[in-house]
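So you can see what is in the structure, the chains are spelled out below.
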Amino acid sequence: MKDVLNTLGHLGREIHRRYDEFGPLLVFDDGNKRFLSFGTADEQSCQLKKDPLILQHDYARCMFGVLTRYDDITAIRNITLLGTGGGTLATVLHERLSEAQIAAVDVRAAVFQVARQYFGLPRSPRLQTFTMDASHYLATVTAAQCDLLITDLYQAEGLDPLVLQPDFLKMCAAHLQQDGWLVLNLWKEHREQTDCLQHLKALFPTIAMNTTSDGNWIIWASRAQQNAADRTGRDEAKRRCKQLNELLEFNLWQQVKGFYRGS
């Protein structure tokens, strides 16, 4: 592990290091951006210091593209985020969807501490944090209460295997309202694991997928029956992206057009 930690200098100057029962958490700063690492070369979070509300990773922007599936994003009132990292997703959701109540879940208490201290995770009555396993959280909350459920569950060695389990996917489906959306952040290698996709299709009539330039495989899934490629149509999706570009401060269509190939 020491050799791995010593190779992370490309992320900038190390400004914080701590350990918990799951391993190291390291924060780096290159003067322009701040990074969270779990002790591997993969960045768990990246934040632009001068404007922390502009998402930096393509996969994160692609996940946010699910907002194009909502007729009115102000109707999104209950959001669950499984896996917190530096809290960049939670922070942007909190600031950009000002009516939403957000539950951020992570098994590591140290993650929340680092996210608050170094990445500005808000302390807000609209943002509740839960230190527990994601499956335990889903098992203890009221069913069908969530408008948007985002899973971003990664460990130091990669994707948390929980995400690919049928029972976990069933709990995700039960947590969502009928017209809510699930967003899964996987690696492109998981496209070959057809069992996971078959389980998803059995639970969610509507599924859209896209592979990002940084090697992630993003899935949007809804319990509502609709054609994710052409329900709104390509032109309507572009229109919604233009509306959201000003809010999110990046070109959303470039990140999500792959979801609309069939339209």
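All of the points below concern the structure found in this document.

## Thoughts on a positive patch on the surface
Then step 1. On the surface, a cluster of positive charge is contributed by Arg234, Lys238, Lys242 and Lys257.
Then step 2. Among the structural elements, Lys238 can be located in helix H8 (residues 233-248).

## Here we look at the sheet that holds strand E7 (residues 127-131)
Then step 1. Spatially, the 7 strands line up as an open sheet ordered E7-E6-E5-E8-E11-E13-E12, and their pairing is mixed. Each of the sheet's edge strands pairs with one partner strand only, and the pair in question is E7 and strand E12 (206-211). Strand-to-strand, the axes of this sheet are offset by a mean angle of 15°, without reference to chain direction.
Then step 2. Bridge analysis of E12 against strand E13 (residues 216-222) gives 6 bridges, and the strand direction is antiparallel. In the sheet register, Thr211 faces E13, and the bridge partner there is Trp217.

## Considering the nonpolar core
Then step 1. Ranked by internal contacts, the top residues of the largest apolar core, which has 43 residues, are Leu148 and Trp220.
Then step 2. The greatest single-element share of this core, amounting to 5 residues, is contributed by helix H2 (residues 58-64).
Then step 3. By size, the runner-up hydrophobic cluster in this structure holds 29 residues, among which are Ala134, Leu162, Cys172 and Leu182.

## A short note on the packing of helix H6 (residues 166-175) against helix H7 (residues 194-203)
Then step 1. At a minimum axis separation of 10 Å, H6 and H7 run at an interaxial angle of 30°. Taken as axis vectors, H6 and H7 run roughly parallel relative to one another. Crossing handedness for the pair H6 and H7: right-handed. Where H6 approaches H7, its residues Pro166, Leu169, Lys170 and Ala173 are matched on the opposing element by Cys196, His199, Leu200 and Leu203.
Then step 2. Across the contact of H6 with H7, the residue classes tally to 6 nonpolar, 1 polar and 1 charged.

## Some thoughts on H7
Then step 1. For H7, the complete set of buried residues consists of Cys196, Leu197 and Leu200. For H7, the angular spread of the buried residues around the axis is 95°, confining them to a single face. Exposed and oriented more than 90 degrees from the buried face of H7 are Asp195, Gln198, Lys201 and Ala202.

## Let's talk about unusual backbone geometry
Then step 1. Of note in this structure, Ala144 is not a glycine but carries a positive phi near 55°.
Then step 2. As for its position among the elements, Ala144 is in the loop between helix H5 (134-140) and strand E8 (146-151).

Analysis parameters
Residues numbered from 1 in each chain as written. Predicted model: local features only at pLDDT ≥ 70, side-chain atom pairs only at ≥ 80, totals over all residues. Heavy atoms only, no water. Patch = residues over 30% accessible without salt bridge, like charges linked within 9 Å, V, L, I, M, F, W, Y side chains within 5 Å. Areas by Shrake-Rupley, 256 points an atom, 1.4 Å probe, with all protein chains shown as cover. Salt bridge = Lys/Arg side-chain N within 4 Å of Asp/Glu carboxyl O. Lys, Arg positive; Asp, Glu negative; His and termini not counted. Charge placed at Lys NZ, Arg CZ, Asp CG, Glu CD. Helix = DSSP H or I, 4+ residues; strand = E, 2+ residues; numbered from the N terminus. Pairing = 2+ DSSP bridges. Axes fitted to C-alpha atoms, helices over the stretch in contact; angles between N-to-C directions. Core = buried A, V, L, I, M, F, W, Y, C linked by side-chain atoms within 4.5 Å. Buried < 20%, exposed > 50% of the residue type's maximum accessible area, 1.4 Å probe, protein only. Parallel < 35°, antiparallel > 145°, perpendicular 65-115°, else oblique. Left-handed = near helix turned anticlockwise from the far one by under 90°. Contact = heavy atoms within 4.5 Å. Nonpolar A, V, L, I, M, F, W, Y, C, P; charged D, E, K, R; others polar. Arc of directions from axis to C-beta.

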